[in-house]
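# Summary of the model geometry
Listed here are the chains, written in short residue letters.
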Amino acid sequence: MRKQLLSPFVPFLMFFFLYSSTSLAQTPSPAPSGPTNITAILEKAGQFTTLIRLMKSTQEADQINTQLNNSNQGLTVFAPTDNSFSSLKAGTLNSLSDQQKVQLVQFHILPSFLSMSNFQTVSNPLRTQAGNSADGEFPLNVTTSGNQVNITTGVNTATVANTIYTDGQLVVYQVDQVLLPLDLFGTAAAPAPAPSKPEKDVPAKAPAGSKEDASVDASGASIATVSFGAVLIAAISLKI
């Protein structure tokens, strides 16, 4: 009797269990709880170990969190993956001073919230946390082609791959290259050398003992010999 009562419910129970399992698997993981924390966001996304380490060592992570949690200022963060850092020339990060590392991280942060649609109408060059781009040291220009967003630094060009996180105040975009500032990685053109002045032609002096001196000496010796001979003849004539 019990088996007969349970048999109609068995298919229903199996369907409910399978539906619940599938729904739980498709539910996206929630954002980190508590105050906004940029490193927690990057850790949850994965593949941003190098960027997290740079943000912590330069204390830029604390700066970002303070700005987000104590003001209404929006921020846009471009996050290069670990593979992006690995593609840099060996020793690139180690060759930078502490101040240059701060500037490198700040170059990936915009002091305003920019959604993907904002990139279509934004004015170039963009101002970053590294400084004003008007002096040409930290230029950051955005170009779009359909839904693709490219970021040009004057040294290289990166593409926005996807949106990692957004809450209306902070947006974090994954980019496929490390953004290299012109001030740190650009090579200034060497100034052209000044044209050399043509040297004036100076007539060369005849060296001592040259043929000209020899001819002068020879002619002088001949005149002296003739004069001495004339005097000698005159003296003999007087005696006679």
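Structure report, in brief. Bear in mind that the values here come from a model prediction, so they are computed numbers and not experimental data. (Residues numbered from 1 in each chain as written. Predicted model: local features only at pLDDT ≥ 70, side-chain atom pairs only at ≥ 80, totals over all residues. Heavy atoms only, no water.)

### A look at the overall build of the protein chain
For the record, the criterion: The numbering of helices and of strands both runs from the N terminus, where a helix is a DSSP run of H or I of at least 4 residues and a strand a run of E of at least 2. Contacts were defined at the residue level, with two residues in contact if any of their heavy atoms lie within 4.5 Å. To be clear on the numbers: accessible area is Shrake-Rupley with a 1.4 Å probe, and residue cover counts the displayed protein chains and nothing else.
A tally of helices and strands in the protein chain yields 9 helices and 6 strands. Summarising the internal contacts of the protein chain: among those between residues at least 6 apart in sequence, 62% fall at separations of at least 24. Carbon together with sulfur atoms contributes 58% to the accessible area of the protein chain, which is approximately 16000 Å² in total.

### Details of the packing of aromatic side chains
Keep this limit in mind: Classification of ring pairs uses Phe, Tyr and Trp, with its six-membered ring standing for Trp, and accepts pairs whose centres are within 6.5 Å; under 30 degrees between planes counts as stacked, over 60 as edge-to-face, and the remaining range as tilted. Relative accessibility under 20% of the residue-type maximum defines a buried residue, over 50% an exposed one, and the middle range a partly exposed one, all with a 1.4 Å probe and only protein chains included.
Inspection of every chain in the model, using the stated rule, returns 4 aromatic pairs. With a centroid separation of 6.2 Å and an interplanar angle of 25°, the aromatic rings of Phe78 and Tyr173 are classed as stacked. Placement of Phe78 in strand 1 (residues 75-80) and of Tyr173 in strand 6 (residues 170-175) is noted, with a sequence separation of 95 residues between them. Here Phe78 falls in the buried class, since its relative accessible area comes to 0%. Take Tyr173: its relative accessible area is 1%, and that puts it in the buried class. Joined through ring pairs, the aromatic side chains of Phe78, Phe119 and Tyr173 make up one cluster.

### Focus on the pattern of salt bridges
Between side chains of opposite charge, pairing is possible as soon as their charged atoms come close. Cut-off, in case you're wondering: The working definition used for a salt bridge is a side-chain nitrogen of Lys or Arg within 4 Å of a carboxyl oxygen of Asp or Glu.
This model, assessed by the stated rule, comprises 1 salt bridge. With a closest N to O distance of 3.7 Å, Glu43 and Lys56 form a salt bridge. You can see Glu43 sitting in helix 3 (residues 38-45) and its partner Lys56 sitting in helix 4 (residues 49-57), a full 13 residues away along the chain. Residue Glu43 is classed as partly exposed on the basis of its relative accessible area, which comes to 48%.

### Looking at the side chain of Thr39
Its place among the elements puts Thr39 in helix 3. Leaving out residues up to four positions away in the same chain, Thr39 has contacts with Ile52, Lys56 and Ala61.

### Some thoughts on the nonpolar core
Just so we agree on the cut-off: Put simply, a nonpolar core is a bunch of buried Ala, Val, Leu, Ile, Met, Phe, Trp, Tyr and Cys residues held in one set by side-chain atoms that sit within 4.5 Å of each other.
Counting residues in each nonpolar core, the largest one holds 25 residues, and the members touching the most others are Ile38, Leu42, Met55, Ile64, Val77, Leu170 and Val172. Those elements giving two or more residues to this core turn out to be helix 3, helix 4, helix 5 (60-70), strand 1, helix 7 (98-106) and strand 6. By residue number, the principal contributor to this core is helix 4, which donates 4 residues. Apart from the residues lying within four places of it in its own chain, the contact partners of Leu170 are Thr36, Ile38, Ile41, Leu68, Leu75, Val77, Phe113 and Tyr165. If you look at the next biggest cluster of nonpolar residues, it comprises 18 residues, including Leu114, Phe119, Leu140 and Ile151.

### Quick look at the pairing of strand 5 (residues 157-166)
The two faces of the sheet receive side chains in turn, since in a regular strand these alternate between them. Selection criterion: We treat two strands as partners when DSSP finds at least two bridges between them.
Of the strand pairs in this sheet, strand 4 (residues 148-152) and strand 5 are connected by 3 bridges, and their pairing is antiparallel. Bridge pairing links Asn150 to Thr159 in strand 5. Between strand 4 and strand 5, which pair antiparallel one after the other, the connecting turn spans 4 residues, and Gly154 there sits at a positive phi close to 95°. Sheet topology places strand 5 next to strand 6; 5 bridges connect them, and they run antiparallel. Within strand 6, the residue paired with Val160 across the bridge is Val175. Where strand 5 folds back onto strand 6 in an antiparallel hairpin, the turn is made up of 3 residues, including Gly168, whose phi is positive at roughly 95°.

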